[in-house]
Amino acid sequence: MTSPTLSEVTGEFADDVRLHDDITGFAGQDPQTISEVFLTGATGFLGAFLLRELLAHGLTVHCLVRAPDCDTGLKRLTENLRTYELLDGLDLDAVRVVTGDVTQPRLGMPEETYTELAGRIGAIYHSAAKVNFLTIYKWLRRATVDATHEILRLACAAGATLHHVSTTAVFEPRADRSPRTEIDPTGPPQSLQLGYAKSKWVAEQLVLKAGRRGVPVTIHRPGQVWGDSRSGACQENDFVWRFIKGSLQAGVYPRRFRLSMNIVPVDYVSAAIVALSRNPRAIGGIFHQVSPDVLGPEEILRLLRSAGYELTEVSILKWMKAIAADVTNSMVPLMRVMAESEKVEMAEFSDVSTREFLVDAGFTSPDIDEAVFSTYVAYFVRQGVLPDPATVNGA
Ligand SMILES: NC(=O)c1ccc[n+]([C@@H]2O[C@H](COP(=O)([O-])OP(=O)(O)OC[C@H]3O[C@@H](n4cnc5c(N)ncnc54)[C@H](OP(=O)(O)O)[C@@H]3O)[C@@H](O)[C@H]2O)c1
(Lines give C-alpha, C1' and ligand atoms only; values in the text may rest on other atoms or scores of the structure.)
Protein backbone atom coordinates (compact mmCIF):
# COMPACT_ATOMS: atom_id res chain seq x y z
CA MET A 1 0.00 0.00 0.00
CA THR A 2 1.27 3.46 -0.84
CA SER A 3 1.17 5.46 2.34
CA PRO A 4 2.06 8.90 3.60
CA THR A 5 5.27 9.10 5.60
CA LEU A 6 4.70 9.40 9.33
CA SER A 7 5.61 12.90 10.39
CA GLU A 8 6.64 13.72 13.91
CA VAL A 9 4.17 12.05 16.29
CA THR A 10 4.31 12.87 19.96
CA GLY A 11 2.57 12.28 23.29
CA GLU A 12 -0.61 10.26 23.48
CA PHE A 13 -0.67 9.87 19.69
CA ALA A 14 2.60 7.91 19.70
CA ASP A 15 0.94 5.27 21.92
CA ASP A 16 -2.35 5.32 20.07
CA VAL A 17 -0.86 4.65 16.63
CA ARG A 18 0.61 1.32 17.87
CA LEU A 19 -1.20 -1.48 16.09
CA HIS A 20 -1.89 -4.49 18.30
CA ASP A 21 0.09 -7.64 17.52
CA ASP A 22 -2.98 -9.78 16.88
CA ILE A 23 -3.70 -7.89 13.63
CA THR A 24 -1.90 -9.95 11.01
CA GLY A 25 -2.05 -10.16 7.23
CA PHE A 26 -4.05 -12.55 5.05
CA ALA A 27 -5.11 -12.90 1.42
CA GLY A 28 -8.46 -11.18 0.82
CA GLN A 29 -11.23 -12.53 -1.39
CA ASP A 30 -11.81 -11.45 -4.98
CA PRO A 31 -14.15 -8.45 -4.48
CA GLN A 32 -16.25 -9.43 -7.47
CA THR A 33 -17.19 -12.80 -5.97
CA ILE A 34 -18.21 -11.47 -2.55
CA SER A 35 -21.93 -11.72 -1.80
CA GLU A 36 -22.18 -10.72 1.89
CA VAL A 37 -20.66 -7.64 3.53
CA PHE A 38 -20.64 -5.86 6.89
CA LEU A 39 -21.47 -2.16 7.26
CA THR A 40 -21.00 0.10 10.28
CA GLY A 41 -22.63 3.51 10.62
CA ALA A 42 -25.79 2.62 8.67
CA THR A 43 -27.89 4.70 11.09
CA GLY A 44 -25.83 7.75 10.11
CA PHE A 45 -25.79 10.01 7.05
CA LEU A 46 -23.12 8.51 4.77
CA GLY A 47 -23.89 5.00 6.04
CA ALA A 48 -27.50 5.24 4.79
CA PHE A 49 -26.27 6.00 1.28
CA LEU A 50 -23.58 3.30 1.46
CA LEU A 51 -26.34 0.86 2.38
CA ARG A 52 -28.39 1.90 -0.64
CA GLU A 53 -25.37 1.49 -2.90
CA LEU A 54 -24.39 -1.92 -1.51
CA LEU A 55 -27.97 -3.19 -1.93
CA ALA A 56 -27.98 -1.86 -5.50
CA HIS A 57 -24.96 -4.11 -6.13
CA GLY A 58 -27.03 -7.13 -5.06
CA LEU A 59 -25.12 -7.69 -1.81
CA THR A 60 -26.46 -9.00 1.48
CA VAL A 61 -25.58 -6.31 4.01
CA HIS A 62 -25.09 -7.06 7.71
CA CYS A 63 -25.48 -3.72 9.50
CA LEU A 64 -24.10 -3.07 12.96
CA VAL A 65 -26.67 -1.02 14.87
CA ARG A 66 -26.66 0.20 18.46
CA ALA A 67 -29.94 -1.14 19.82
CA PRO A 68 -31.21 -3.43 22.58
CA ASP A 69 -32.53 -5.96 20.04
CA CYS A 70 -32.71 -6.56 16.27
CA ASP A 71 -36.29 -5.28 15.88
CA THR A 72 -35.41 -1.97 17.51
CA GLY A 73 -32.22 -1.89 15.42
CA LEU A 74 -34.21 -2.37 12.22
CA LYS A 75 -36.60 0.41 13.29
CA ARG A 76 -33.64 2.77 13.84
CA LEU A 77 -32.25 1.83 10.45
CA THR A 78 -35.53 2.31 8.57
CA GLU A 79 -36.23 5.59 10.35
CA ASN A 80 -32.85 6.87 9.22
CA LEU A 81 -33.50 5.75 5.64
CA ARG A 82 -36.87 7.53 5.79
CA THR A 83 -35.21 10.76 6.97
CA TYR A 84 -32.96 10.69 3.93
CA GLU A 85 -35.92 9.79 1.66
CA LEU A 86 -34.28 6.48 0.72
CA LEU A 87 -36.81 4.05 2.16
CA ASP A 88 -39.34 3.93 -0.68
CA GLY A 89 -36.86 2.84 -3.32
CA LEU A 90 -35.21 0.12 -1.23
CA ASP A 91 -35.89 -3.58 -0.81
CA LEU A 92 -34.68 -4.41 2.70
CA ASP A 93 -34.85 -8.20 2.26
CA ALA A 94 -31.07 -8.34 1.93
CA VAL A 95 -30.47 -6.31 5.12
CA ARG A 96 -29.50 -8.16 8.31
CA VAL A 97 -29.31 -6.16 11.52
CA VAL A 98 -26.63 -7.12 14.03
CA THR A 99 -26.82 -5.27 17.34
CA GLY A 100 -23.55 -4.12 18.83
CA ASP A 101 -21.18 -1.28 19.47
CA VAL A 102 -17.84 -0.58 17.80
CA THR A 103 -16.22 0.36 21.11
CA GLN A 104 -16.80 -3.09 22.64
CA PRO A 105 -14.72 -6.27 22.33
CA ARG A 106 -16.05 -8.37 19.40
CA LEU A 107 -17.99 -5.20 18.49
CA GLY A 108 -20.39 -6.02 21.33
CA MET A 109 -21.63 -9.25 19.73
CA PRO A 110 -22.02 -12.60 21.49
CA GLU A 111 -19.24 -14.98 20.44
CA GLU A 112 -21.59 -17.19 18.41
CA THR A 113 -22.97 -14.26 16.40
CA TYR A 114 -19.46 -12.92 15.80
CA THR A 115 -18.14 -16.26 14.55
CA GLU A 116 -21.14 -16.80 12.29
CA LEU A 117 -20.82 -13.29 10.86
CA ALA A 118 -17.07 -13.75 10.31
CA GLY A 119 -17.82 -16.92 8.35
CA ARG A 120 -20.13 -15.06 5.95
CA ILE A 121 -18.67 -11.69 5.05
CA GLY A 122 -16.01 -10.91 2.46
CA ALA A 123 -15.76 -7.14 3.00
CA ILE A 124 -16.28 -4.55 5.73
CA TYR A 125 -17.35 -0.95 5.10
CA HIS A 126 -16.44 1.00 8.21
CA SER A 127 -18.29 4.30 8.29
CA ALA A 128 -19.08 4.52 12.02
CA ALA A 129 -17.25 7.20 13.96
CA LYS A 130 -18.00 9.88 16.50
CA VAL A 131 -18.42 12.91 14.26
CA ASN A 132 -18.24 15.82 16.65
CA PHE A 133 -16.29 19.02 15.96
CA LEU A 134 -16.73 20.40 19.46
CA THR A 135 -15.15 17.82 21.65
CA ILE A 136 -11.54 16.90 22.34
CA TYR A 137 -9.54 13.93 21.04
CA LYS A 138 -9.71 12.08 24.35
CA TRP A 139 -13.52 11.82 24.12
CA LEU A 140 -13.44 10.57 20.56
CA ARG A 141 -10.72 7.99 21.02
CA ARG A 142 -12.92 5.02 21.96
CA ALA A 143 -15.48 5.32 19.16
CA THR A 144 -12.97 6.16 16.46
CA VAL A 145 -9.53 4.83 17.45
CA ASP A 146 -10.20 1.81 19.70
CA ALA A 147 -13.06 0.86 17.38
CA THR A 148 -10.65 0.63 14.45
CA HIS A 149 -8.74 -2.09 16.29
CA GLU A 150 -11.98 -4.02 16.77
CA ILE A 151 -12.92 -3.59 13.12
CA LEU A 152 -9.47 -4.79 12.03
CA ARG A 153 -9.86 -7.84 14.32
CA LEU A 154 -13.11 -8.71 12.59
CA ALA A 155 -11.43 -8.26 9.20
CA CYS A 156 -8.73 -10.75 10.29
CA ALA A 157 -11.25 -13.22 11.74
CA ALA A 158 -13.36 -13.08 8.58
CA GLY A 159 -10.58 -12.82 6.00
CA ALA A 160 -12.51 -9.73 4.86
CA THR A 161 -11.16 -6.65 3.09
CA LEU A 162 -11.61 -3.46 5.10
CA HIS A 163 -12.89 -0.34 3.32
CA HIS A 164 -12.22 2.39 5.83
CA VAL A 165 -13.99 5.75 5.67
CA SER A 166 -11.54 8.47 6.67
CA THR A 167 -11.66 12.19 5.81
CA THR A 168 -9.64 14.93 4.10
CA ALA A 169 -9.50 16.54 7.58
CA VAL A 170 -6.42 14.32 8.25
CA PHE A 171 -4.41 16.88 6.26
CA GLU A 172 -2.90 19.81 8.09
CA PRO A 173 -4.18 23.21 6.89
CA ARG A 174 -1.45 25.10 5.09
CA ALA A 175 -0.58 28.32 3.34
CA ASP A 176 0.45 27.04 -0.08
CA ARG A 177 -2.36 26.17 -2.45
CA SER A 178 -0.99 23.06 -4.17
CA PRO A 179 -3.62 20.35 -3.79
CA ARG A 180 -2.94 17.41 -1.49
CA THR A 181 -2.79 14.13 -3.36
CA GLU A 182 -3.80 10.69 -2.12
CA ILE A 183 -0.21 9.82 -1.20
CA ASP A 184 0.88 13.12 0.35
CA PRO A 185 1.85 13.05 4.04
CA THR A 186 -0.98 13.66 6.50
CA GLY A 187 -0.94 15.07 10.04
CA PRO A 188 1.02 15.42 12.23
CA PRO A 189 -1.87 15.02 14.67
CA GLN A 190 -0.71 17.74 17.06
CA SER A 191 -1.05 20.27 14.19
CA LEU A 192 -4.62 19.28 13.36
CA GLN A 193 -7.15 21.74 14.75
CA LEU A 194 -10.05 19.54 15.74
CA GLY A 195 -10.12 16.57 18.11
CA TYR A 196 -12.25 14.92 15.42
CA ALA A 197 -9.48 15.31 12.80
CA LYS A 198 -6.90 13.95 15.25
CA SER A 199 -9.04 10.87 15.99
CA LYS A 200 -9.57 10.20 12.27
CA TRP A 201 -5.84 10.63 11.63
CA VAL A 202 -4.93 8.07 14.31
CA ALA A 203 -7.56 5.61 13.03
CA GLU A 204 -6.21 5.98 9.51
CA GLN A 205 -2.66 5.28 10.71
CA LEU A 206 -3.84 2.01 12.25
CA VAL A 207 -5.44 0.98 8.96
CA LEU A 208 -2.30 1.94 7.03
CA LYS A 209 -0.18 -0.13 9.41
CA ALA A 210 -2.53 -3.08 9.05
CA GLY A 211 -2.19 -2.68 5.27
CA ARG A 212 1.58 -2.85 5.58
CA ARG A 213 1.21 -6.07 7.59
CA GLY A 214 -0.73 -7.58 4.69
CA VAL A 215 -4.34 -6.95 5.71
CA PRO A 216 -6.27 -6.03 2.53
CA VAL A 217 -7.58 -2.49 3.06
CA THR A 218 -8.69 0.60 1.16
CA ILE A 219 -8.87 4.11 2.63
CA HIS A 220 -11.43 6.67 1.49
CA ARG A 221 -11.16 10.36 2.26
CA PRO A 222 -14.31 12.31 1.41
CA GLY A 223 -14.35 16.10 1.59
CA GLN A 224 -17.31 17.73 3.36
CA VAL A 225 -20.23 15.49 2.43
CA TRP A 226 -23.44 17.22 1.35
CA GLY A 227 -26.75 15.80 0.21
CA ASP A 228 -27.87 13.58 -2.61
CA SER A 229 -27.46 15.58 -5.82
CA ARG A 230 -30.81 14.31 -7.16
CA SER A 231 -33.16 14.23 -4.14
CA GLY A 232 -31.34 16.88 -2.08
CA ALA A 233 -31.51 14.70 1.07
CA CYS A 234 -28.81 15.95 3.40
CA GLN A 235 -27.81 16.04 7.03
CA GLU A 236 -28.42 19.36 8.70
CA ASN A 237 -25.72 19.35 11.33
CA ASP A 238 -22.59 20.04 9.39
CA PHE A 239 -20.68 23.24 9.87
CA VAL A 240 -21.59 24.95 6.58
CA TRP A 241 -25.32 24.16 6.75
CA ARG A 242 -25.43 25.45 10.30
CA PHE A 243 -23.61 28.55 9.10
CA ILE A 244 -26.16 28.96 6.29
CA LYS A 245 -29.12 28.36 8.60
CA GLY A 246 -27.68 30.71 11.23
CA SER A 247 -27.14 33.45 8.63
CA LEU A 248 -30.72 33.03 7.37
CA GLN A 249 -32.04 33.13 10.94
CA ALA A 250 -30.14 36.38 11.53
CA GLY A 251 -30.92 37.74 8.04
CA VAL A 252 -27.29 38.80 7.55
CA TYR A 253 -24.21 37.37 5.85
CA PRO A 254 -20.60 38.13 6.80
CA ARG A 255 -18.47 40.09 4.34
CA ARG A 256 -14.84 39.10 3.74
CA PHE A 257 -14.33 36.10 5.94
CA ARG A 258 -12.46 32.90 5.32
CA LEU A 259 -14.35 29.70 4.70
CA SER A 260 -13.34 27.35 1.95
CA MET A 261 -14.76 23.88 1.90
CA ASN A 262 -14.37 21.01 -0.46
CA ILE A 263 -17.97 19.88 -0.71
CA VAL A 264 -19.11 16.72 -2.42
CA PRO A 265 -22.55 15.10 -2.81
CA VAL A 266 -23.21 11.95 -0.77
CA ASP A 267 -24.46 9.94 -3.77
CA TYR A 268 -21.09 10.50 -5.46
CA VAL A 269 -19.13 9.56 -2.30
CA SER A 270 -21.08 6.36 -1.62
CA ALA A 271 -21.11 5.24 -5.27
CA ALA A 272 -17.37 5.91 -5.62
CA ILE A 273 -16.50 4.02 -2.41
CA VAL A 274 -18.54 0.99 -3.45
CA ALA A 275 -17.28 1.04 -7.07
CA LEU A 276 -13.68 1.20 -5.84
CA SER A 277 -14.29 -1.59 -3.33
CA ARG A 278 -15.46 -3.86 -6.17
CA ASN A 279 -12.30 -3.27 -8.20
CA PRO A 280 -9.54 -5.81 -7.42
CA ARG A 281 -6.88 -3.31 -8.58
CA ALA A 282 -7.99 -0.78 -5.96
CA ILE A 283 -7.20 -2.97 -2.94
CA GLY A 284 -4.37 -1.37 -0.99
CA GLY A 285 -5.17 2.12 -2.31
CA ILE A 286 -5.97 5.50 -0.76
CA PHE A 287 -8.75 7.44 -2.48
CA HIS A 288 -10.14 10.96 -2.37
CA GLN A 289 -13.82 11.68 -2.91
CA VAL A 290 -13.60 15.41 -3.47
CA SER A 291 -14.97 18.16 -5.68
CA PRO A 292 -12.88 19.87 -8.39
CA ASP A 293 -13.61 23.29 -6.82
CA VAL A 294 -13.72 24.60 -3.29
CA LEU A 295 -16.83 26.45 -2.22
CA GLY A 296 -15.95 29.84 -0.78
CA PRO A 297 -18.16 32.33 1.10
CA GLU A 298 -18.92 34.46 -1.99
CA GLU A 299 -20.06 31.38 -3.91
CA ILE A 300 -22.28 30.26 -1.03
CA LEU A 301 -23.90 33.71 -0.92
CA ARG A 302 -24.41 33.61 -4.68
CA LEU A 303 -26.04 30.16 -4.43
CA LEU A 304 -28.28 31.32 -1.58
CA ARG A 305 -29.41 34.32 -3.60
CA SER A 306 -29.99 32.15 -6.67
CA ALA A 307 -32.20 29.93 -4.47
CA GLY A 308 -34.31 33.00 -3.66
CA TYR A 309 -32.99 34.12 -0.26
CA GLU A 310 -32.33 37.78 0.41
CA LEU A 311 -29.42 38.41 2.75
CA THR A 312 -27.74 41.66 3.73
CA GLU A 313 -23.95 41.63 3.77
CA VAL A 314 -22.45 43.06 6.96
CA SER A 315 -19.01 43.10 8.58
CA ILE A 316 -17.97 39.89 10.33
CA LEU A 317 -18.26 41.70 13.67
CA LYS A 318 -21.87 42.71 13.01
CA TRP A 319 -22.64 39.20 11.81
CA MET A 320 -21.19 37.70 15.01
CA LYS A 321 -23.21 40.14 17.13
CA ALA A 322 -26.40 39.24 15.24
CA ILE A 323 -25.78 35.52 15.77
CA ALA A 324 -24.93 35.95 19.46
CA ALA A 325 -28.07 38.05 20.05
CA ASP A 326 -30.25 34.97 19.55
CA VAL A 327 -29.41 31.93 21.71
CA THR A 328 -31.52 29.74 19.44
CA ASN A 329 -29.39 30.60 16.40
CA SER A 330 -28.00 27.38 14.93
CA MET A 331 -24.47 28.83 14.71
CA VAL A 332 -24.17 29.69 18.42
CA PRO A 333 -22.54 26.36 19.43
CA LEU A 334 -20.07 26.60 16.54
CA MET A 335 -18.79 30.14 16.97
CA ARG A 336 -15.52 28.91 18.45
CA VAL A 337 -14.93 26.61 15.45
CA MET A 338 -15.79 29.53 13.16
CA ALA A 339 -13.25 31.79 14.90
CA GLU A 340 -10.56 29.07 14.64
CA SER A 341 -11.27 28.30 10.98
CA GLU A 342 -10.90 32.01 10.20
CA LYS A 343 -7.23 31.78 11.19
CA VAL A 344 -6.20 28.99 8.82
CA GLU A 345 -6.05 28.41 5.11
CA MET A 346 -7.79 25.17 4.22
CA ALA A 347 -5.87 22.68 2.13
CA GLU A 348 -7.06 21.81 -1.37
CA PHE A 349 -7.24 18.23 -2.56
CA SER A 350 -6.48 16.31 -5.70
CA ASP A 351 -8.32 13.18 -6.81
CA VAL A 352 -6.34 12.51 -9.99
CA SER A 353 -5.29 8.99 -8.93
CA THR A 354 -8.77 8.15 -7.66
CA ARG A 355 -10.43 9.25 -10.89
CA GLU A 356 -8.18 6.95 -12.91
CA PHE A 357 -10.03 4.10 -11.20
CA LEU A 358 -13.46 5.64 -11.76
CA VAL A 359 -13.16 6.88 -15.32
CA ASP A 360 -14.47 3.69 -16.94
CA ALA A 361 -17.45 3.52 -14.58
CA GLY A 362 -18.89 6.78 -15.99
CA PHE A 363 -18.47 8.95 -12.88
CA THR A 364 -18.86 12.66 -13.61
CA SER A 365 -17.36 15.58 -11.68
CA PRO A 366 -19.17 16.02 -8.37
CA ASP A 367 -19.80 19.76 -8.62
CA ILE A 368 -22.25 21.76 -6.49
CA ASP A 369 -23.96 24.07 -8.99
CA GLU A 370 -27.18 26.11 -8.72
CA ALA A 371 -29.37 23.17 -9.73
CA VAL A 372 -27.87 20.84 -7.09
CA PHE A 373 -27.94 23.57 -4.43
CA SER A 374 -31.63 24.24 -5.10
CA THR A 375 -32.41 20.52 -4.47
CA TYR A 376 -30.72 20.86 -1.04
CA VAL A 377 -32.75 23.95 -0.21
CA ALA A 378 -35.96 22.23 -1.32
CA TYR A 379 -35.17 19.19 0.90
CA PHE A 380 -34.42 21.37 3.94
CA VAL A 381 -37.64 23.35 3.34
CA ARG A 382 -39.57 20.02 3.18
CA GLN A 383 -37.92 18.97 6.46
CA GLY A 384 -38.70 22.31 8.14
CA VAL A 385 -34.98 23.03 8.63
CA LEU A 386 -34.78 26.09 6.37
CA PRO A 387 -37.50 28.65 5.72
CA ASP A 388 -39.17 28.66 2.32
CA PRO A 389 -37.45 31.49 0.38
CA ALA A 390 -40.84 32.62 -0.95
CA THR A 391 -42.16 33.05 2.62
CA VAL A 392 -39.15 34.79 4.17
CA ASN A 393 -38.94 37.26 1.35
CA GLY A 394 -42.61 38.03 1.78
CA ALA A 395 -43.46 36.93 -1.77
N1 LIG B 1 -20.28 13.92 7.01
C2 LIG B 1 -19.18 14.37 6.43
O3 LIG B 1 -19.15 15.47 5.88
C4 LIG B 1 -17.95 13.49 6.41
C5 LIG B 1 -16.83 13.95 5.70
C6 LIG B 1 -15.69 13.14 5.63
C7 LIG B 1 -15.68 11.93 6.29
N8 LIG B 1 -16.77 11.53 7.00
C9 LIG B 1 -16.72 10.23 7.69
O10 LIG B 1 -17.82 9.48 7.24
C11 LIG B 1 -18.28 8.63 8.28
C12 LIG B 1 -19.76 8.82 8.50
O13 LIG B 1 -20.00 10.18 8.84
P14 LIG B 1 -21.50 10.71 8.96
O15 LIG B 1 -21.50 12.14 8.63
O16 LIG B 1 -22.41 9.78 8.25
O17 LIG B 1 -21.71 10.58 10.54
P18 LIG B 1 -23.03 10.36 11.38
O19 LIG B 1 -24.24 10.72 10.59
O20 LIG B 1 -22.81 11.02 12.69
O21 LIG B 1 -23.07 8.78 11.62
C22 LIG B 1 -22.17 8.16 12.48
C23 LIG B 1 -22.54 6.70 12.56
O24 LIG B 1 -21.58 6.06 13.41
C25 LIG B 1 -22.32 5.27 14.35
N26 LIG B 1 -21.59 5.11 15.59
C27 LIG B 1 -21.01 6.06 16.36
N28 LIG B 1 -20.52 5.50 17.47
C29 LIG B 1 -20.80 4.18 17.40
C30 LIG B 1 -20.57 3.07 18.25
N31 LIG B 1 -19.93 3.23 19.43
N32 LIG B 1 -20.97 1.84 17.86
C33 LIG B 1 -21.62 1.67 16.68
N34 LIG B 1 -21.89 2.68 15.83
C35 LIG B 1 -21.49 3.92 16.20
C36 LIG B 1 -23.59 6.07 14.59
O37 LIG B 1 -24.52 5.22 15.21
P38 LIG B 1 -25.70 5.81 16.15
O39 LIG B 1 -26.81 6.16 15.19
O40 LIG B 1 -26.05 4.68 17.04
O41 LIG B 1 -25.14 7.01 16.87
C42 LIG B 1 -23.94 6.44 13.15
O43 LIG B 1 -24.54 5.37 12.49
C44 LIG B 1 -17.44 8.93 9.50
O45 LIG B 1 -16.40 8.00 9.58
C46 LIG B 1 -16.89 10.32 9.19
O47 LIG B 1 -15.66 10.55 9.85
C48 LIG B 1 -17.91 12.27 7.07
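Parameters at a glance
Residues numbered from 1 in each chain as written. Predicted model: local features only at pLDDT ≥ 70, side-chain atom pairs only at ≥ 80, totals over all residues. Helix = DSSP H or I, 4+ residues; strand = E, 2+ residues; numbered from the N terminus. Rg over C-alpha atoms; globule rule 2.2 N^0.38 Å. Buried ≥ 20, exposed ≤ 12 C-beta atoms within 10 Å, placed from the backbone. Near = placed C-beta within 6 Å. Nonpolar A, V, L, I, M, F, W, Y, C, P; charged D, E, K, R; others polar. Domains from an automatic or database assignment. Contact = placed C-beta atoms within 7 Å. Pairing = 2+ DSSP bridges. Axes fitted to C-alpha atoms, helices over the stretch in contact; angles between N-to-C directions. Expected span 1.5 Å × (residues − 1). Core = buried A, V, L, I, M, F, W, Y, C linked by C-beta atoms within 7 Å.

Glancing now at the overall build of the protein. Check the secondary structure of the protein and you find 14 helices and 11 strands. Its C-alpha atoms give the protein a radius of gyration of 21 Å, near enough to 21 Å, the size a compact globule of 395 residues would have. For the protein, the spread of C-alpha atoms along the principal axes amounts to about 60 × 50 × 40 Å. Taking all 395 residues of the protein together, the buried fraction comes to 46%.

Taken together, 26 residues lie around the ligand, and Thr43, Gly44, Ala128, Ala129 and Val225 are the ones closest in. If you list the elements that add at least two residues to the shell around the ligand, you get helix H2 (45-56) and strand E7 (224-226). The leading source of residues in the shell around the ligand is H2, at three residues. Among the residues forming the shell around the ligand, the class breakdown is 11 nonpolar, 10 polar and five charged.

As a further point, take the domain arrangement of the protein. You can read the domains of the protein as domain 1 (15-223 + 264-289) and domain 2 (239-261 + 295-344 + 366-392). If you average the C-alpha positions of domain 1 and of domain 2, the two centres end up 30 Å apart. Between domain 1 and domain 2, the contact holds seven residues from the first and seven residues from the second. Looking at the side of domain 1 that touches domain 2 residue by residue, the classes come out as six nonpolar, one polar and no charged.

Each strand in a sheet pairs with another by means of backbone hydrogen bonds, the pair being arranged parallel or else antiparallel. Here we have seven strands laid out as an open sheet, ordered E3-E2-E1-E4-E5-E6-E10, and parallel in their pairing. Since the sheet does not close on itself, it has two edges, and those belong to strand E3 (95-99) and strand E10 (286-289), each with one partner. Across the sheet, the mean angle from the axis of one strand to that of its neighbour is 20°, orientation sign disregarded. With four bridges joining them, strand E6 (residues 217-222) and E10 adopt parallel strand pairing. From the neighbouring strand, His220 faces E10, where its bridge partner is Phe287. Its contacts with the sheet put helix H6 (residues 195-212) on strand E5 (161-165) and E6, and the angle it makes with E6 is roughly 150°.

Once that is clear, we can look at H6. A rise of 1.5 Å per residue sets the reference length of H6, with its 18 residues, at 26 Å; its end C-alpha atoms lie 26 Å apart and thus fit the reference within 8%. The buried fraction of H6 amounts to 17 of the 18 residues, a majority that puts the element mostly inside the structure. Gly214 sits one or two residues past H6 and shows a positive phi near 105°.

To continue, consider unusual backbone geometry. The step from Gly187 to Pro188 runs through a cis peptide bond, and the omega angle for that step is 0°. In this structure, Arg106 takes a positive phi of about 50° despite not being glycine. Mapped onto the fold, Arg106 is located in the loop between E3 and helix H4 (111-120). Under the C-beta neighbour-count criterion, Arg106 is labelled partly exposed, with 17 such atoms within 10 Å. A positive phi angle, near 45°, is found at Arg256, a position not held by glycine. Within the secondary structure, Arg256 is located in the loop between strand E8 (252-254) and strand E9 (263-265). Note on Arg256: 9 C-beta atoms within 10 Å, which makes it exposed.

Further remarks concern the nonpolar core. Generally speaking, a soluble globular protein has its nonpolar side chains buried in company with each other. Val37, Leu39, Leu50, Cys63, Ile124, Ala155 and Leu162 are the most contacted members of the largest nonpolar core, which has 112 residues in total. Counting the residues that make up this core, at least three belong to each of domain 1 (15-223 + 264-289) and domain 2 (239-261 + 295-344 + 366-392). Every residue in contact with Cys63, bar those within four places of it in the chain, is listed here: Leu39, Ala42, Leu51, Leu77, Val95, Val97 and Val98.

Let us now look at H2. With 12 residues, H2 extends 17 Å from end C-alpha to end C-alpha; this agrees with the ideal 16 Å at 1.5 Å per step. Among the 12 residues of H2, 10 are classified as buried, and the element is accordingly described as predominantly covered. Gly58, located one to two residues past H2, shows a positive phi value of around 75°.

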